[in-house]
Amino acid sequence: MAEYKAPLRDMQFVLNEVLHMDAHYQQLPGCEEATPDMVSAILEEGAKFAERVLSPLNQVGDQEGCQFQDGEVKTPTGFKEAYSAFVEGGWPSLAHDPEWGGQGLPESLGIVINEMVGTANWAWSMYPGLSHGAMNTLDAHGTEEQKQTYLTKLVSGEWTGTMCLTEPHCGTDLGMLRTKAEPQADGTYKVTGTKIFISAGEHDLTDNIVHIVLARLPDAPAGTKGISLFIVPKFLPNAAGEAGERNALKCGSIEHKMGIHGNSTCVMNFDGATGFLIGPANKGLNCMFTFMNTARIGTALQGLAHAEWGFQNSLVYAKDRLQMRALSGVKNPDGAADPIIVHPAVRNMLLTQKAFAEGGRALIYFAAQQVDRSALSASAEEKQEAEDLLSLLTPIAKAFLTEVGFESANHGLQVFGGHGYIAEWGMEQNVRDCRISMLYEGTSQIQALDLLGRKILMSQGELLKRFTKMIHKFCQAHEGNAAMEPYTKTLAGLNKEWGELTLKVGMKAMQNREEVGAAAMDYLMYSGYITLAWLWARQVEVAQNALAAGTSEEAFYKAKLATARFYYDRLLPRTKMHADVMLSGADNLLALDSEHFIF
Ligand SMILES: Cc1cc2nc3c(=O)[nH]c(=O)nc-3n(C[C@H](O)[C@H](O)[C@H](O)COP(=O)(O)OP(=O)(O)OC[C@H]3O[C@@H](n4cnc5c(N)ncnc54)[C@H](O)[C@@H]3O)c2cc1C
């Protein structure tokens, strides 16, 4: 039976030793309560909940799935009880404003808890996960009254939230959406339209669901500039603020899908449902970006989650499964064969998962640190700096980590041989559950366009320059350090090349805009490998110092060094291929016109 154990030691390593979160929390206004002791206690409690309550329901959720009948959705056995325990434990309110019932702890701490919850059971974690985005949107754009009515109920976990963007004819191109919102004399709106693929759109975990819906006002301009944002609750709150009269919306059906069976993916029909405008009219997409940025970091986490889960379970299996002998001679003379972990090919798969999981954790926590700084820093300059960094890193984290997360999940399955392909071990579920992460919250291809087109070229390379300067400073600070040189030399070379490649692609794009689309995906992957290389080098620095100081945890730090070496020797060279491909131009993709593109 597959299991999950929260990697607390590695989490603490990244938080405290690499990113110095203890000092970071003490500097952040309002977060002084997040002392190292308190953070440790919260992580330990989160780990218990993830390991004991959620992990055992992961396979149940996959096998039972959600059941749909007459507009209602029954979640798999145990999901409702687990959600009640989650609410009783105060987990939904952890990183929210005390004014609305939150505990006021930093968002980054919430993200670490989300990692454990999501790795233990991704499908379950999506119910509170979508609420979290809804809360952030309401917090940023809702009126005081809306916050009082809806945010407090979401923060307490009594109600959950959704994100209703997609329609049958539009997913990526939201400018085409048709759901309409007609103003009423009492200041409310009648919302009419069909939304599809709505995660957690209907379920039995709570007695109300707050849908955050994108729709068009009657006189709205065409395209993305004519979209507004609405709160459309399943039950309209009564005078006491509780779920009252049923609103005119219904779940029409749920999807039968490849993975995340425990999470309901709903067709939602709004039939003149009462809605309330959030933020300014026609600025809905801007408001929704608050929601989407949180959701994108949340989805980047999914790549890490499946890499970590696959790694843990395939490592246990690789130490136990006996097949063939090591090429260099017998390693397990008492057994009929050696455990498969002796074989270089198996180690390659294990180390790939470990390098992406641990590197990915450092990237997510680093991004989370920027979320804290952009929200809470006392200095406007620091806030802006953090926001800029986050805006560059979000598409990299979302697309790169889900792409390599999926690769990792596949390696996890492969380590099990044929046993990975059958349901019993959970490895095929891990692959199926992971696959969606590259699609929702903006596909990898759309993230790549966002990175190269909007974030890099539209800022004239300014955002990138600031980030590469950070990497440059890191390398410079270690000049003359022989132990760090194998890392910093390679990193400094790639960092320089990153700027040069950007310039080359930018020049080509000035001649032909299609060059951006043709280069974007390889550019994104290239950027991801370098970003992780920087975070691995930072881990190496800490590990080398700990070993030099005579740590009592030699095995932990030596494993860090071995994994970093593996990353630099065997994964980072993939940048060469991505560089060649991104410079190969758009012609090899566009030479064939659509008419002659035949099968
Ligand atoms: C299980 C599941 C849960 C979901 N949950 C939600 C949810 O809670 N709320 C919600 O609103 N939506 C949700 N979605 C919808 C999801 O966000 C969309 O499916 C996604 O945005 C892609 O839209 P699409 O499916 O219409 O694909 P399309 O937009 O039709 O795209 C098809 C393909 O074309 C590519 N493509 C399109 N335009 C370009 C371009 N300009 N350049 C390069 N490539 C391009 C895409 O990358 C993709 O590969 C969910 C979907 C699923 C399957």
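Structural data are supplied above this passage.
Read on for an overview of the structure. This is a predicted model, so every value here is computed, not measured.

**Examining the overall build of the protein**
Looking only at helices and strands, the protein has 19 helices and 11 strands in total. Taking the principal axes of the C-alpha coordinates as reference, the protein spans close to 80 × 60 × 60 Å. Buried residues in the protein amount to 57% of all 599 residues. Here the contacts in the protein between residues at least 6 apart in sequence split such that 74% fall between residues at least 24 apart. If the 50 positive side-chain charges of the protein are averaged to one point and the 70 negative ones to another, these points end up 5 Å apart.

**Some words on the pattern of salt bridges**
Enumeration over the complete set of coordinates arrives at 30 salt bridges. In this structure, Asp10 engages Arg361 in a salt bridge whose closest nitrogen and oxygen atoms are separated by 2.7 Å. Linking Asp10 in helix α1 (residues 8–18) with Arg361 in helix α10 (residues 344–376), this pair joins segments that are 351 residues apart in sequence. Looking at Asp10, the relative accessible area reads 5%, which means it is buried. When its relative accessible area of 1% is taken as the criterion, Arg361 is described as buried. Asp10 is paired through a salt bridge with Lys560; the nearest N and O atoms lie 2.7 Å apart. Separated by 550 residues along the polypeptide, Asp10 in helix α1 and Lys560 in helix α17 (residues 554–571) bring together distant segments of the chain. Lys560 matches Asp10 in its accessibility class, with the two residues each being buried. Several salt bridges share partner residues, and in doing so they unite Asp10, Glu115, Glu308, Lys354, Glu358, Arg361 and Lys560 into one network.

**Digging into the site of the ligand**
In the vicinity of the ligand, 20 residues are found, and the nearest of them are Met163, Thr166, Thr172, Phe197 and Thr443. Backbone polar atom of Leu165 to an oxygen atom of the ligand: 2.9 Å apart, as the coordinates give it. Phe197 is positioned with one of its backbone polar atoms (N or O) 2.8 Å from a nitrogen atom of the ligand. Bound to the protein, the ligand loses 64% of the 980 Å² it would expose on its own.

**Topic: the environment of Leu376**
Mapped onto the fold, Leu376 is located in helix α10. Given a relative accessible area of 33%, Leu376 falls into the partly exposed group. Once the C-alpha coordinates of Leu376 and Pro29 are considered, the two residues, 347 residues apart in sequence, prove to be 6.3 Å apart. In this structure Leu376 touches Leu28, Pro29, Cys31 and Lys383, once residues within four positions along its chain are discounted.

**Remarks on the nonpolar core**
Within soluble globular proteins, side chains that are nonpolar tend to cluster in buried spots. Of all hydrophobic cores here, the largest spans 180 residues; its most connected members are Met116, Phe400, Leu491 and Tyr567. The biggest single contributor to this core is helix α16 (residues 514–548), with 19 residues. Beyond its immediate stretch of four places on either side in the chain, Tyr567 contacts Ala355, Phe356, Gly528, Tyr529, Leu532, Ala533, Trp536, Leu572 and Pro573.

**Notes on the pairing of strand β3 (residues 160–164)**
Counting buried residues along β3, five of its five residues qualify, which places the element largely inside the surrounding structure. The two faces of β3 match: Thr160, Thr162 and Cys164 on one face and Gly161 and Met163 on the other face are all buried. Pairing geometry for β3 and strand β6 (residues 209–215), over five bridges, is parallel. Following the sheet pairing, Gly161 is matched in β6 by Val210.

**Topic: the packing of aromatic side chains**
Enumeration according to the criterion identifies 23 aromatic pairs in this entry. When the ring of Phe79 is compared with that of Tyr127, the centres are 6.5 Å apart and the planes differ by 85°; the resulting orientation is edge-to-face. Note that Phe79 is positioned in helix α5 (residues 79–88) and Tyr127 in helix α7 (residues 122–141), a separation of 48 residues in sequence. Like Phe79, the residue Tyr127 is buried in the burial classification.

**A look at helix α13 (residues 444–457)**
One full turn of an α-helix is made of 3.6 residues, so residues set three or four places apart face in the same direction. In a regular helix each residue adds 1.5 Å, so 14 residues correspond to 20 Å; α13 covers 18 Å between its end C-alpha atoms and thus fits that length. The principal kink in α13, of about 25°, is found at Asp450. For α13, the full list of buried residues reads Ser444, Gln447, Ala448, Asp450, Leu451, Leu452, Gly453, Lys455 and Ile456.

**Quick notes on a nonpolar patch on the surface**
A grouping of Leu503, Met507 and Met510 is seen on the molecular surface, where their side chains present a nonpolar patch of about 390 Å² in accessible area. One can find Leu503 in helix α15 (residues 485–511). A relative accessible area of 62% places Leu503 in the exposed class.

**Observations concerning the environment of Gly461**
Along the polypeptide, Gly461 turns up in the loop between α13 and α14 (462–477). C-alpha separation for the pair Gly461 and Gly499, spaced 38 residues apart in sequence, amounts to 8.3 Å.

**Quick look at the state of the cysteines**
According to the stated counting rule, one finds zero disulfides in the structure shown. You can see Cys164 has no disulfide; the closest cysteine sulfur is in Cys266, sitting 9.1 Å from it. Overall, the relative accessible area of 0% leaves Cys164 in the buried class. The thiol of Cys266 is unpaired, and the distance to the nearest cysteine sulfur, on Cys251, comes to 4.0 Å.

**Things to note about unusual backbone geometry**
Unusually for a residue other than glycine, Ala200 sits at a positive phi of about 60°. Relative to the elements of secondary structure, Ala200 occurs in the loop between β5 (189–199) and β6. Positive phi outside glycine occurs at Asn282, with the angle close to 65°. The residue Asn282 is located in the loop between β11 (265–278) and α9 (284–320) in this model.

**Notes on the packing of helix α11 (residues 380–415) against α14**
To characterise two packed helices, one gives the angle between the axes of the helices and the distance between these axes. For the pair α11 and α14, the least separation of the axes is 10 Å and the interaxial angle reads 95°. Taken together, the axes of α11 and α14 are roughly perpendicular relative to one another. Residues Asp388, Leu389, Ser391, Leu392 and Leu393 of α11 lie in contact with α14, whose contacting residues are Leu463, Leu464, Arg466, Phe467 and Met470. Residues that form the contact of α11 with α14 fall into these classes: seven nonpolar, one polar and two charged.

**A short note on the side chain of Thr531**
Secondary-structure assignment places Thr531 in helix α16. We classify Thr531 as buried; its relative accessible area is 0%.

**Observations concerning the side chain of Gln353**
Within the secondary structure layout, Gln353 lies in helix α10. Among the polar contacts listed, one links the side chain of Gln353 to the backbone nitrogen of Phe311, at a separation of 2.9 Å. In this structure the side chain of Gln353 is engaged in a polar contact, spanning 3.2 Å, whose partner is the side chain of Ser314.

What counts, and at which threshold
- Residues numbered from 1 in each chain as written.
- Predicted model: local features only at pLDDT ≥ 70, side-chain atom pairs only at ≥ 80, totals over all residues.
- Heavy atoms only, no water.
- Helix = DSSP H or I, 4+ residues; strand = E, 2+ residues; numbered from the N terminus.
- Buried < 20%, exposed > 50% of the residue type's maximum accessible area, 1.4 Å probe, protein only.
- Contact = heavy atoms within 4.5 Å.
- Lys, Arg positive; Asp, Glu negative; His and termini not counted.
- Charge placed at Lys NZ, Arg CZ, Asp CG, Glu CD.
- Salt bridge = Lys/Arg side-chain N within 4 Å of Asp/Glu carboxyl O.
- Near = heavy atom within 4 Å.
- Polar contact = N/O pair within 3.5 Å; in protein donor to acceptor, adjacent residues only side chain to side chain.
- Areas by Shrake-Rupley, 256 points an atom, 1.4 Å probe, with all protein chains shown as cover.
- Core = buried A, V, L, I, M, F, W, Y, C linked by side-chain atoms within 4.5 Å.
- Pairing = 2+ DSSP bridges.
- Phe/Tyr/Trp six-rings, centres within 6.5 Å; stacked < 30°, edge-to-face > 60°.
- Expected span 1.5 Å × (residues − 1).
- Bend = angle between axes of the 7 residues up to and from the residue.
- Patch = residues over 30% accessible without salt bridge, like charges linked within 9 Å, V, L, I, M, F, W, Y side chains within 5 Å.
- Disulfide = S-S within 2.5 Å.
- Axes fitted to C-alpha atoms, helices over the stretch in contact; angles between N-to-C directions.
- Parallel < 35°, antiparallel > 145°, perpendicular 65-115°, else oblique.
- Nonpolar A, V, L, I, M, F, W, Y, C, P; charged D, E, K, R; others polar.

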